[in-house]
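Take a look at the letters that make up each chain.
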Amino acid sequence: MLVLTSLCFTAMVLFCLAMTKHREQVIVHEVSILAVRFFRPLAWSLLSFTAYLSVDMYGWSIGPALLFGALTIAILLLTLLLTYRAKIVPKLAIVMSLMASISIFIS
Amino acid sequence: MPYLFNKFNLASHRWPVFSRILAATIGGYALATACSLFISQLLLNVVGKYQAIHIGLMLTFIVYACAAIWVFSVESASKAWLGLIKLTLFFTITTWLLMQFTDVIRS
Amino acid sequence: MKDNFRQSMKWFHTWVGLIVGWILFFMFLTGTMGYFYQEITRWMEPERPFIEHNISNEQLLDTAQAYLNKHAQGIDGWDIYLPNVRDQNLRVGWRHPAEPGKKRGKYKIKVLDIATGDKVASRATDGGRLLYRMHYRLHYLSTDISYWIVGFCSMLMLLAVITGVVIHKKIFSDFFTFRAKKGLPGWLDIHNVLSVIALPFHFMITYSGLLFFLFTYMALSTNLQTNDDEYREMRKEIYPRTAHLEKANQPAKMLDVSVLYQQTKTAWQDDDLSYVEMYAANDINAQVLFVRHETDITYNPADEVMINAVTGEVIAQQAKEYTGAGIIHNGFFSLHEGQFAGPLARWIYFFTGLIGTAMIASGLILWTTKRKPQQMKKPNGPDFGYRLVEQLNIGTIVGLPIAIAMYFYANRLLPLDMVDRAAWEAHVMFISWAILLIYPAFRPAAKAWPEQLTLAALVYLTLPLVNALTTDKHLANSLPHQDWNFAGFDLTFLVVGCCFAFAAYKVKVLQASKRFSKQSSKQSSKQRVQQNKPPVLAASESLLSLQQVNKEKC
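Residues numbered from 1 in each chain as written. Chains lettered and ligands numbered in written order. Predicted model: local features only at pLDDT ≥ 70, side-chain atom pairs only at ≥ 80, totals over all residues.

This part takes up the overall build of chain A. Counting its secondary structure elements, chain A contains 4 helices and 0 strands. Order of helices (α) and strands (β) in chain A, N terminus to C terminus: α-α-α-α. Taken over the C-alpha trace, chain A has a radius of gyration of 14 Å; the compact-globule value for 107 residues is 13 Å, and the two agree within 12%. In terms of overall dimensions, chain A has C-alpha extents of about 40 × 30 × 25 Å along its principal axes. The contacts in chain A between residues at least 6 apart in sequence include a share of 74% that link residues at least 24 apart. (Helix = DSSP H or I, 4+ residues; strand = E, 2+ residues; numbered from the N terminus. Rg over C-alpha atoms; globule rule 2.2 N^0.38 Å. Contact = placed C-beta atoms within 7 Å.)

Right, let's get into the overall build of chain B. A count of helical and extended segments in chain B gives 4 helices and 0 strands. For chain B, the succession of helices and strands along the chain, N to C, is α-α-α-α. The 107 residues of chain B split such that 38% are buried. Sequence separation of 24 or more characterises 71% of the internal contacts of chain B that already satisfy a separation of 6 or more. (Buried ≥ 20, exposed ≤ 12 C-beta atoms within 10 Å, placed from the backbone.)

Contact with chain B, which involves 21 residues of that partner, is made by 32 residues of chain C. Contributing elements (two or more residues each) for the side of chain B that touches chain C: helix H1 (2-7), helix H2 (10-47) and helix H3 (49-71) of chain B. The dominant element in the side of chain B that touches chain C, judged by the number of residues it contributes, is H3 of chain B, at 13 residues. The class makeup of the residues in the side of chain B that touches chain C is 13 nonpolar, 7 polar and 1 charged. (Nonpolar A, V, L, I, M, F, W, Y, C, P; charged D, E, K, R; others polar.)

Residues and elements named next belong to chain C. Running from amino to carboxyl end, helix H1 (residues 5-34) crosses helix H5 (residues 143-167) at an angle of 140°, the nearest separation of the two axes being 8 Å. Our classification of the angle between H1 and H5 gives oblique. Seen along the crossing, H1 lies across H5 with a hand that is left-handed. Packed against H1, whose contacting residues are Arg6, Met9, Lys10, Phe12, His13, Val16, Gly17, Val20, Ile23, Leu24 and Met27, the element H5 presents Val150, Cys153, Leu156, Met157, Leu159, Ala160, Thr163, Gly164, Val166 and Ile167 at the interface. For the contact of H1 with H5, the residue count by class is 15 nonpolar, 4 polar and 2 charged. (Axes fitted to C-alpha atoms, helices over the stretch in contact; angles between N-to-C directions. Parallel < 35°, antiparallel > 145°, perpendicular 65-115°, else oblique. Left-handed = near helix turned anticlockwise from the far one by under 90°.)

Compared with the 20 Å implied by 1.5 Å per residue over 14 residues, the 20 Å span of helix H7 (residues 199-212) of chain C between its first and last C-alpha is a close match. Listed in full, the buried residues belonging to H7 of chain C are Phe201, His202, Ile205, Thr206, Tyr207, Gly209, Leu210 and Leu211 of chain C. (Expected span 1.5 Å × (residues − 1).)

Among the nonpolar cores identified, the biggest contains 171 residues, and Met12 of chain A together with Phe25, Leu158 and Leu159 of chain C are the most heavily contacted of them. With 16 residues, the top contributor of residues to this core is helix H14 (residues 384-413) of chain C. Setting aside anything within four residues of it in sequence, one finds Leu158 of chain C in contact with Phe61 and Ala65 of chain B together with Thr206, Tyr207 and Leu210 of chain C. (Core = buried A, V, L, I, M, F, W, Y, C linked by C-beta atoms within 7 Å.)

If you look at the interface, chain A gives 18 residues, while chain C gives 22 residues. A per-element tally of the side of chain A that touches chain C places helix H3 (residues 33-84) of chain A first, with 15 residues. Class assignment of the residues belonging to the side of chain A that touches chain C gives a composition of 11 nonpolar, 7 polar and no charged.

For the rest of this paragraph, the subject is the sheet that holds strand E3 (residues 107-112) of chain C. Residue and element names in this part refer to chain C. A sheet is described by the order of its strands in space; here 7 strands give the open sequence E3-E2-E1-E4-E5-E6-E7, paired in antiparallel fashion. Strands with a single pairing partner mark the edges of an open sheet, and in this sheet they are E3 and strand E7 (314-315). As defined by bridge partners, strand E2 (residues 90-95) adjoins E3 across 6 bridges and the pair is classed as antiparallel. Within E3, the position partnered with Leu90 by the bridge is Leu112. (Pairing = 2+ DSSP bridges.)

As a further point, take the pairing of strand E5 (residues 287-292) of chain C. Residues and elements named next belong to chain C. As paired elements, strand E4 (residues 273-279) and E5 share 6 bridges and run antiparallel to each other. In the strand pairing of E5, Met278 is matched with Val288. In this sheet, strand E6 (residues 304-308) lies alongside E5 in antiparallel orientation, the contact comprising 5 bridges. When the bridges of E6 are listed, Gln287 appears paired with Asn308.

What follows is about unusual backbone geometry. The phi torsion of most residues other than glycine is negative, and most of the peptide bonds are trans. Phi at His139 of chain C takes a positive value of approximately 40°, unusual for a residue other than glycine. Here His139 of chain C lies in the loop between helix H4 (127-133) and H5.

On to the confidence of the model for chain B, then. Detailed reading of the predicted coordinates is not advisable wherever pLDDT falls low. All names here are of chain B. For chain B, mean pLDDT is 83; residues scoring 70 or higher make up 83% of the total. Least confident of the elements in chain B is H1, whose mean pLDDT is 52; most confident is H3, at 91. Across the predicted assembly, pTM comes out at 0.88 and ipTM at 0.90. (pLDDT = per-residue confidence, 0-100.)

In this section: the environment of Ile171 of chain C. All names here are of chain C. Inspection of the secondary structure assignment puts Ile171 in the loop between H5 and helix H6 (183-197). Owing to 15 C-beta atoms within 10 Å, Ile171 belongs among the partly exposed residues under this scheme. On a C-alpha basis, the gap between Ile171 and Val196 in space is 7.8 Å, while along the polypeptide they are 25 residues apart.

Residue and element names in this part refer to chain C. Where helix H3 (residues 57-71) contacts helix H11 (residues 257-267), the axes come no closer than 8 Å and their chain directions differ by 140°. Classified by the angle between their axes, H3 and H11 sit oblique to one another. Handedness of the H3/H11 crossing: right-handed. For the pair H3 and H11, contact is made by Asn57, Glu58, Leu61, Asp62 and Gln65 and by Val257, Ser258 and Tyr261, respectively.

Residues with a pLDDT of 70 or more make up 100% of chain A, whose mean pLDDT is 85. In the model of chain A, helix H2 (residues 20-26) of chain A stands out as the element of lowest mean pLDDT, 76, in contrast to H3 of chain A, which has the highest, 88.

Glancing now at the environment of His427 of chain C. Looking at where His427 of chain C falls in the secondary structure, it is placed in helix H15 (residues 421-438). Along the sequence, His427 of chain C and Tyr407 of chain C sit 20 residues apart, while their C-alpha atoms lie 8.4 Å from each other.

Relative to the assigned elements, Asn54 of chain C resides in the loop between helix H2 (37-43) and H3. Residues Asn54 of chain C and Ala325 of chain C, 271 residues apart in the sequence, show an inter-C-alpha distance of 43 Å.

This is the structure in structure tokens:
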């Protein structure tokens, strides 16, 4: 569940970075256009991977339900962070995705 | 209540709104019922009687919701009534025709 | 209706949401607490013993069977509920024979003390069950009326959800947008964010809520197409049940349930037995049904093992057959109830439910915020309708959480030997809610908000204290026992109380800055903009904390 939530969070951050107005909130310095182009496909693929993972972990019926729950929490967290602590968002996303991948590899 | 009516403002607006509310609740219910009959007749030979009825019933809420939204989106209350009555009649008559048809097949 | 489609939908969304908003708030809040109803029940019966760690299922089953043999002879069906995360006591239950004139007898659950093997005598209370049943059985009303009211409200909720999506201008480009602004845009953003992030949940919970009473609401269509027998058969097809034998009236010795339990271990690899049902106990036809925790939203047939209790044979189960529509139907039920959810998923369910509650609350507040400037200009003061909405908002959004806390207070403080004690707990809740609904009528809204918020904070923060003074299941005891059921409850109260206190504080800051800005609006309008930033957050945070509040209540 925590793994799902953190992966969802990272995917959402990537979506966020793909949008100009939010990117400016989060990152101070300029990002190359090329990199920006990759954010959205990357986000979609991460999201699909999370969907696959949820099904793999909890089965066809419960998995997607939990995925939506995880998404809700992730977006809520992200929206609040964007408003009040925008600068830590990228760092948090990196930390969370790292922890998630470690726990996937361990199990 | 008088406040609500005032809010719908002016005598000219009051009755059409009331009429629409009636159309949405009663007319919408009639339409949803007719539609469920139609769907269950349509699916009768495909999935069996009980499941056909069940599917028709489950879809009623969606039909009901769409009907209510539609009632409040057209220009005039009379048009809303007319549309509902037409559709309900259409579903009822088609259902009746289908019933004749299934009887022919059975016999 | 209006000039264009979006305008008329906006109008529709506003009024559909407003007329049933408060009932929906009530339904969402009590329903959300329902995700923790077993936990609440346990907290409300403080006579129950603390959790006992590391007791094997076999031992638990033996204890339960011994008790049932002693006290439930002559009853056909026995149920044993093993301790789990949600309720950490062993419980047994059976249905009494029906009284003359009634369809079914009363179902009684007894909590067993594992140490003594006897039942725990706890106070009369309806616990969390009553609280969660309120969300579709509006307590004082008769069953039929409340089902129809609930259905009507859910239907309007469904309409509000659909029209809400239609009128949201930029659902994707504003996906993460939450501007902590003051007043209208701030509230609009809160409402939007809360609606969008949990949209699948909102739709699912509303639609499945309607499906629960499908045949009641669509009685016309059902009656047109089926007669009584066909209707019964159709229901059987939609809700398949495990078949079991009837009593043969030949007494026989049953094997120990704990021995029979060994056989389920070959069917299930893991050891997560949830409950046991026994049919025709101590009869030649005795059968035992072992059920494990749900692993599938369509009530997986493989989760059950039926065993003949006299011979010990596993009875081959004919797997429950669902029709395609039946799977969808039961799947929606299961999603609505969230029985399959583990502890973490349950919290997420709970939290999402609170997001729904907060969404309704923010929508209601939005209505008044939008009309406030215009209403304040009126020579005779605001309209009656505006004041009514404001009053109901305060009385419901803050009043209902307080009333629910009063329900818990009543549970701890009412005399134990009181007549109709369980009913009075609910009366206390509704009386206090009524008072809180009326109170804002005599206070200006600007005062009533912070006052009720402060009251709410006070009420929730003192609840663990009252618990400590009246029972021995307080934090100082429950934490060392690692009984997270009891401890979690008290801790949650504290968190909720803090949230309310924070909200009250923010509202006060907001008002103070407003007054300040009015006085000095001419001199320092620029400064004011900066000054006002906290208040903005205030408004938003007060809502957020509200919602947390509600959440934590459990």
